[in-house]
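If you want the building blocks of each chain, they are given just below.
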Amino acid sequence: MSNTASSLKPFSSSSARRIALLVGAVAVWAGLYTHLEFFADQCIVMTGLAEKSALAEALHFFIYEVPKVLLLLTAVVYVMGIIHTYVSPERTRTLLSGKRTGIGNMMAAGLGVLTPFCSCSAIPLFIGFLQAGVPLGVTFSFLIAAPMVNEIALALLFGMFGWKIATLYMVMGLTIAIVSGIIIGKLGLEHLLEAWVQKLQNSQTSTGHSLPQFSWDQRMDEASSHVRSIVGKVWLYIVIGVGVGAGIHGYVPQDFMAMLMGKEIWWSVPAAVLIGVPMYSNAAGILPVVQALLGKGAALGTVMAFMMSVIALSLPEMIILRKVLKPQLIALFAGIVALGIIIVGFAFNLVL
C-alpha cells in the first residue's frame, strides 16, 4: 500500500505553494502581454517624437516586439519543459530505430516540433540517433524539422500572424522534412558519413529507456531550468532581430520591399533563399524581421522562404555538419532542402 502511495507522488504543501505562485505569475504574464501596445504608445509620447516619424515608428516597433517575443517564448518553453519530463530521449530513439521508411520520417519530424533547438543545437541529437541505429534518412527528417518547425516557431507565428499562417507553415515545413528525409534515405548514402560516425552507427549502444519519476516540484524546477537555458541563449538574437526589424519597419520604403520581394518577381523566392543561407538565427530572432518585411509589402511566400532558409540551412550549421558528413552529403542535403523551401515559397505566394 505504501509503495503505491509513494509512486503516485501527491502534491506536497511546497508544490501547492509553488503552483499558487505559478498561477499568480500567469496572471501577471497575461496582464503584461495585453498591455504591451499601451506601454509602447506611452513610451513614444514620453520621447516627444512626432507620432508618424520614421524614428517613432522604429522605436515603437522595438519597444513593443522585444517584450512580446520574450513573453511568448518564456511561456512556451516553460510548458514544454514540463512536457519534456514525461519523455525519455532513449525511448524515443528506440521507437524511431524500429520504424520503416515513411513512418519513421513522420515520427522524427513530429519529434522535431517538440524540440526547441536551433539548427546547430539539433546536431548532437542527430549524432545520437545515428548511434542508436536510427536510419540516416529518418535522422535527417529530425534535423530539418527541429529548427524549422519547433514549438517556439509555431507559437510565435500564431501570436504574430494567427492560426492559419502558423498551421500552413507547420504543414509545409513538416512536408519538407519528411520528403527530404525519405529521398536521402532511399539514396543509401551512409558511406558519406565520416568514418567515426559510421563506427558510432554500427555500435548502436543504448543506455536504456527508463524515465525518472519526477515530483511536481522537480517538474517545475526542470521547466524553470529549461527557460533559463533556452531564453538565456536566444534573448540576444531576439533583441538583434527586433532591432533589424525596427529599422526595416521605420526606414525602409514600402515600395522598395514590394518591388524586391513581391509576388510579381519570379526570382524573388530563390533569391530570398540564397540571401538567408549565409545568415544565422533561430525562429525567435528572425520572426520580428519577417513581420517587418511583411508590413512593408513583401510577399508572404518569399518572406517565409527567407525565414526557412535562415533557420534550417544556416552557414554555421553546415560548418558543424562537416565534422559529421562528407561534403557530397552536405551539398545534397542543402540542395534538397533548398529546393523544397523554394517550392513552398512559390506555393505560399500562389495560395495567399
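The model shown is predicted, which means the values in this text are computed figures rather than measured ones.

### A short note on the overall build of the chain
Turning to step 1, where the next piece is worked out: Looking only at helices and strands, the chain features 18 helices and zero strands.
Turning to step 2, where the next piece is worked out: Considering the chain as a whole, with its 352 residues, one finds that 48% of them fall into the buried category.
Turning to step 3, where the next piece is worked out: Considering only contacts within the chain whose residues lie at least 6 apart along the sequence, 84% involve residues at least 24 apart.
Turning to step 4, where the next piece is worked out: Looking at the chain as shown, the accessible area adds up to about 16,700 Å², and 70% of this sits on carbon and sulfur atoms.

### A word on helix α16 (residues 300-312)
Turning to step 1, where the next piece is worked out: The terminal C-alpha atoms of α16 lie 18 Å apart, and with 13 residues this matches the ideal 18 Å at 1.5 Å per residue to within 8%.
Turning to step 2, where the next piece is worked out: For α16, the tally of buried residues reaches 13 of 13 residues, placing the bulk of the element in the interior.

### Here we look at the pattern of salt bridges
Turning to step 1, where the next piece is worked out: Inspection of the entire model under this criterion finds two salt bridges.
Turning to step 2, where the next piece is worked out: Here Arg18 makes a salt bridge to Asp221, at a shortest N to O gap of 2.7 Å. With Arg18 in helix α2 (residues 13-34) and Asp221 in helix α12 (residues 216-251), this residue pair connects regions lying 203 residues apart in the sequence.
Turning to step 3, where the next piece is worked out: Using a relative accessible area of 40% as the deciding quantity, one classes Asp221 as partly exposed.
Turning to step 4, where the next piece is worked out: A single salt-bridge network, built from bridges that share partners, covers Arg18, Asp217 and Asp221.

### Remarks on the packing of aromatic side chains
Turning to step 1, where the next piece is worked out: In the structure shown here, the tally under the stated rule is two aromatic pairs.
Turning to step 2, where the next piece is worked out: Centroid distance Trp29 to Tyr33: 5.0 Å. Interplanar angle 5°. Geometry classified as stacked. Of this pair, Trp29 and Tyr33 both sit in helix α2, four residues apart, which is roughly one turn of the helix.
Turning to step 3, where the next piece is worked out: Assessed through its relative accessible area of 25%, Trp29 is described here as partly exposed.
Turning to step 4, where the next piece is worked out: On the basis of an interplanar angle of 35° and a centroid distance of 5.1 Å, the ring pair of Phe140 and Phe333 is categorised as tilted. Here Phe333 lies in helix α18 (residues 327-351) and Phe140 lies in helix α8 (residues 136-148), a separation of 193 residues in the sequence.

### Description of a nonpolar patch on the surface
Turning to step 1, where the next piece is worked out: Nonpolar side chains collect at one region of the surface, where Trp235, Leu236, Ile240 and Val244 lie side by side and expose about 390 Å² of accessible area between them.
Turning to step 2, where the next piece is worked out: Among the structural elements, Leu236 can be located in helix α12.
Turning to step 3, where the next piece is worked out: Residue Leu236 is classed as partly exposed on the basis of its relative accessible area of 45%.

### Quick word on the side chain of Thr302
Turning to step 1, where the next piece is worked out: Within the element layout of this structure, Thr302 appears in helix α16.
Turning to step 2, where the next piece is worked out: Judged by relative accessible area, Thr302 falls into the buried class, the value being 0%.
Turning to step 3, where the next piece is worked out: One polar contact links Thr302 to Asn349, side chain to side chain, over a distance of 3.2 Å.
Turning to step 4, where the next piece is worked out: Excluding anything up to four places from it in sequence, Thr302 contacts Met261, Gly262, Ser268, Val269, Ala272, Gly345 and Asn349.

### Concerning the environment of Gly110
Turning to step 1, where the next piece is worked out: Along the polypeptide, Gly110 turns up in helix α6 (residues 103-113).
Turning to step 2, where the next piece is worked out: Using a relative accessible area of 31% as the deciding quantity, one classes Gly110 as partly exposed.
Turning to step 3, where the next piece is worked out: On a C-alpha basis, the gap between Gly110 and Asn150 in space is 8.9 Å, while along the polypeptide they are 40 residues apart.

### Brief notes about the packing of α6 against helix α10 (residues 163-186)
Two numbers describe a pair of packed helices, the interaxial angle and the distance between the axes.
Turning to step 1, where the next piece is worked out: Two elements in contact, α6 and α10, have axes separated by 9 Å at closest approach and are oriented at 140°. One finds that α6 runs oblique with respect to α10. When you trace α6 past α10, the crossing you get is right-handed. In this structure, α6 uses Asn105, Met106, Ala109, Gly110 and Val113 to contact α10, whose residues at the interface are Leu174, Ala177, Ile178, Gly181 and Ile182.
Turning to step 2, where the next piece is worked out: A breakdown of the residues in the contact of α6 with α10 according to their chemical character gives seven nonpolar, three polar and no charged.

### Focus on the confidence of the model for the chain
Turning to step 1, where the next piece is worked out: Of the residues in the chain, 77% have a pLDDT of 70 or more, and the chain-wide mean is 77.
Turning to step 2, where the next piece is worked out: Here helix α1 (residues 2-8) is the element of the chain with the lowest mean pLDDT, 44, and helix α3 (residues 36-47) is the one with the highest, 90.
Turning to step 3, where the next piece is worked out: Note on residues 1-8: pLDDT under 50 across the span, and one contact to partners over four residues away in sequence or across chains.
Turning to step 4, where the next piece is worked out: When the criterion is pLDDT under 50, residues 205-209 qualifies, and its contacts beyond four places in sequence or with other chains add up to eight contacts.

### Describing the packing of α8 against α10
Turning to step 1, where the next piece is worked out: It is the contact of α8 with α10, at a shortest axis distance of 7 Å, that shows an interaxial angle of 155°. When the interaxial angle is binned, α8 and α10 end up roughly antiparallel. Classified by chirality, the crossing of α10 by α8 is right-handed. Between α8 and α10, the contacting residues are Leu136, Gly137, Phe140, Ser141, Ile144, Ala145 and Met148 on the first element and Tyr169, Gly173, Ile176, Ala177, Ile178, Ser180, Gly181, Ile184 and Gly185 on the second.
Turning to step 2, where the next piece is worked out: Taken together, the residues that form the contact of α8 with α10 break down as ten nonpolar, six polar and no charged.

Conventions we followed
Residues numbered from 1 in each chain as written. Predicted model: local features only at pLDDT ≥ 70, side-chain atom pairs only at ≥ 80, totals over all residues. Heavy atoms only, no water. Helix = DSSP H or I, 4+ residues; strand = E, 2+ residues; numbered from the N terminus. Buried < 20%, exposed > 50% of the residue type's maximum accessible area, 1.4 Å probe, protein only. Contact = heavy atoms within 4.5 Å. Areas by Shrake-Rupley, 256 points an atom, 1.4 Å probe, with all protein chains shown as cover. Expected span 1.5 Å × (residues − 1). Salt bridge = Lys/Arg side-chain N within 4 Å of Asp/Glu carboxyl O. Phe/Tyr/Trp six-rings, centres within 6.5 Å; stacked < 30°, edge-to-face > 60°. Patch = residues over 30% accessible without salt bridge, like charges linked within 9 Å, V, L, I, M, F, W, Y side chains within 5 Å. Polar contact = N/O pair within 3.5 Å; in protein donor to acceptor, adjacent residues only side chain to side chain. Axes fitted to C-alpha atoms, helices over the stretch in contact; angles between N-to-C directions. Parallel < 35°, antiparallel > 145°, perpendicular 65-115°, else oblique. Left-handed = near helix turned anticlockwise from the far one by under 90°. Nonpolar A, V, L, I, M, F, W, Y, C, P; charged D, E, K, R; others polar. pLDDT = per-residue confidence, 0-100.

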